[in-house]
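As a plain string of letters, each chain reads:
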Amino acid sequence: MKKTVMITGADRGVGFAMCRLFAEAGWQVFAGRFLDYWNELDELKEEFPETLELISLDVSSTDSVQKAVLQVQEKTDCIDMLIHCAGIARADGDDALRKILQVNSVGALRVAESFLPVMRQGMKRLCFVSSEAGSITVAHRKDGYAYCMSKASLNMAVKLMFNELRPQGYTFRLYHPGWVNSYMGGDQKGTSGKYEPEDAARTAFQQFTEDRAWEDALVLTDVENQSWPF
Amino acid sequence: MNQVVFISSLQNEDAKETALQFAADGCHVYGAYTDGAALPCDGLETIVQLVLDPMDAGSLNRAVELVSSREGKLDILVLKAGLHAENDGGLGAHDYDAVADVIYRGADGMRRILEAFLPLLRAGETKRIAVLSESCAGIGFCEDTGEYGYHMAMAALNMMEKIAFNALRPEGFTFRNFVTDGPKTGMDAKTYIQRDLSNLPEDDYIHSDENRLVRRDSLFRELAW
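Parameters at a glance
Position numbers for residues count from 1 along each chain, tracking the sequence in the order it is written. Numbering of ligands from 1 and lettering of chains from A proceed in the order in which they are written. Owing to the predicted nature of the model, reporting of local features is limited to residues with pLDDT of at least 70; listing and counting of side-chain atom pairs is limited to 80 or more, with chain, interface and lining totals taken over all residues. Excluding hydrogens and water, the side-chain figures rest on all heavy atoms present in the structure. Nonpolar cores are built from buried Ala, Val, Leu, Ile, Met, Phe, Trp, Tyr and Cys residues. Side-chain atoms within 4.5 Å join them into one set. For the exposure calls, accessible area comes from a 1.4 Å probe over protein chains only, and a residue counts as buried if that area is under 20% of its type's maximum, exposed if over 50%, partly exposed in between. Note on definitions: a residue-residue contact is assigned when non-hydrogen atoms from the two residues lie within 4.5 Å. Accessible surface is computed with a 1.4 Å probe, and the buried area is the amount of it that two parts give up when combined, taken over both parts together. One side-chain nitrogen of Lys or Arg within 4 Å of one carboxyl oxygen of Asp or Glu is enough to make a salt bridge. Any pair of N or O atoms that falls within 3.5 Å is considered a polar contact. Within protein, one atom must be able to donate a hydrogen and the other to accept it, and sequence-neighbouring residues count only if both atoms are side-chain atoms. In this analysis, axes come from line fits to C-alpha atoms, helices being fitted only over the stretch in contact, and the angle between any two N-to-C directions falls in the range 0 to 180 degrees. Under the scheme used here, helices are H or I runs from DSSP no shorter than 4 residues and strands are E runs no shorter than 2 residues, and both carry numbers assigned from the N terminus. Throughout, the term roughly parallel applies to angles under 35 degrees, roughly antiparallel to angles over 145, roughly perpendicular to angles from 65 to 115, and oblique to all others. Following the grouping adopted for this structure description, the nonpolar residues are Ala, Val, Leu, Ile, Met, Phe, Trp, Tyr, Cys and Pro, the charged ones are Asp, Glu, Lys and Arg, and the polar ones are all others, Gly among them. The rule for pairing is simple: two strands pair if DSSP sees at least two bridges between them.

Q: Outline the nonpolar core, listing residues and values.
A: The biggest cluster of nonpolar side chains holds 105 residues, and the ones touching the most others in it are F115, F128 and F172 of chain A together with F6 of chain B. Within the second largest apolar cluster, 32 residues are counted, among which are W27, I83, Y175 and F205 of chain A.

Take a look at the structure:
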């Protein structure tokens, strides 16, 4: 039986690259789609018509996430792996942090809680794309408060989930993809990063699908397989 | 000369206790309720109490003007993520807007207070910014399973302090992060916040504790982030 994975933030960048890798590996992939006008997922769907399902999803909306769960449940009663890749680096307005939180950290909690009922069987693995920007120990930045605060709060949310769910057999991944040429700044792909989305996705796929002898430790790991302190 | 101290989130017991410690030491202490609590609160007559909405620029300006008109400076600013969401237990179904609001007001609200008071801090002699925290605010340390909003706000506030440290330490500001739920012996929050740390201006953090941001408890033990 095919393993199943739900990936948020699948439109482009690392999320899209992971969709392709999981589909190529024979997984049933549910791709959370936020941008209707972005057609990379449509093209991927043509390559994998049987194993790729496109799911409309705004992780900042509880209503949207709940509808996504229902849409997934029409196709399967078990999600083996959940990957929260959706993330934004900035938002407009005086309440920018609040908007960023609703995607990066509260969004992660919203998605995880909503999909847990379909994760009680199977692999029971929850994966979250975080960032070195959430590491307080090594934080070097002098500005960019909102993004860094959102990622630190994401790491804390994952730790709270880990504390409750690990004794129930769930396993966790917390991943820093590195400085990627992605679309965090908008529709224009970045060019000054160190990695391409495919590079970050390749390591993520390996880390997310392999079991560890140290599952009882929650560690932020990166694209080079190095570990980061919180 | 008496130090001037401003403490946020006076609705929180640790913040209140710390405010009283500074007042007992002869400091001029201003304490702000950030949850809309009514004034005044019994037993806090030695503290100038005010209600502050950190998300409202007018409210922030009034608080700064109050301290400015009376003191002309601020020596120590103490911040605390002092808000909790209702029904914020373990995994199930959260009120996500409420969780986001607790993080937003509890962490970004403290950033706004810091930025509003920066001119007064620059006018003071001490230039010290402190965060009151808890052991469970350390992500690696935390063993809790609920109170998502409060925990996430504390982590975000710690990150805010680290970025502020990076930005303001070269200007001469010093920073403290004190864990209040340690043993009830050793240093109290006021003592830890007031004391200077080893500081060799010509040296980096290897020989100068002021040139790194750490969190410690009452026994001066360092706790992981």
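Q: How would you sum up the interface of chain A and chain B? Please name residues and give values.
A: Contacts between the two partners involve 40 residues from chain A and, on the opposite side, 43 residues from chain B. Carbon and sulfur atoms make up 69% of the area that chain A and chain B hide from each other, which totals about 3,500 Å². The partner of D101 of chain B in a salt bridge is R98 of chain A, and the shortest N-O contact between them spans 3.5 Å. The tally of links between chain A and chain B comes to 18 residue pairs in polar contact (both at pLDDT 80 or more).

Q: Tell me about the packing of helix α1 (residues 13-24) of chain A against helix α2 (residues 40-47) of chain A, residues and numbers included.
A: If you want to describe how two helices pack, look at the angle between their axes and the distance between the axes. All names here are of chain A. At their nearest, the axes of α1 and α2 sit 11 Å apart, and the two run at 0 degrees to each other. For the element pair α1 / α2, the angle class is roughly parallel. Along its contact with α1, which presents F16, C19 and R20, the element α2 presents E40, L41, L44 and E47. Residue classes in the contact of α1 with α2 are distributed as four nonpolar, no polar and three charged.

Q: Describe the sheet that holds strand β4 (residues 76-80) of chain B, with residues and values.
A: All names here are of chain B. In space, the eight strands of this open sheet follow the order β3-β2-β1-β4-β5-β6-β7-β8, with mixed pairing throughout. Of all strands in the sheet, those with a lone pairing partner are β3 (47-51) and β8 (222-223), marking the two edges. Two elements, strand β5 (residues 128-133) and strand β6 (residues 174-179), share six bridges in a ladder whose sense is parallel. The partner of V131 across the bridge, within β6, is N177.

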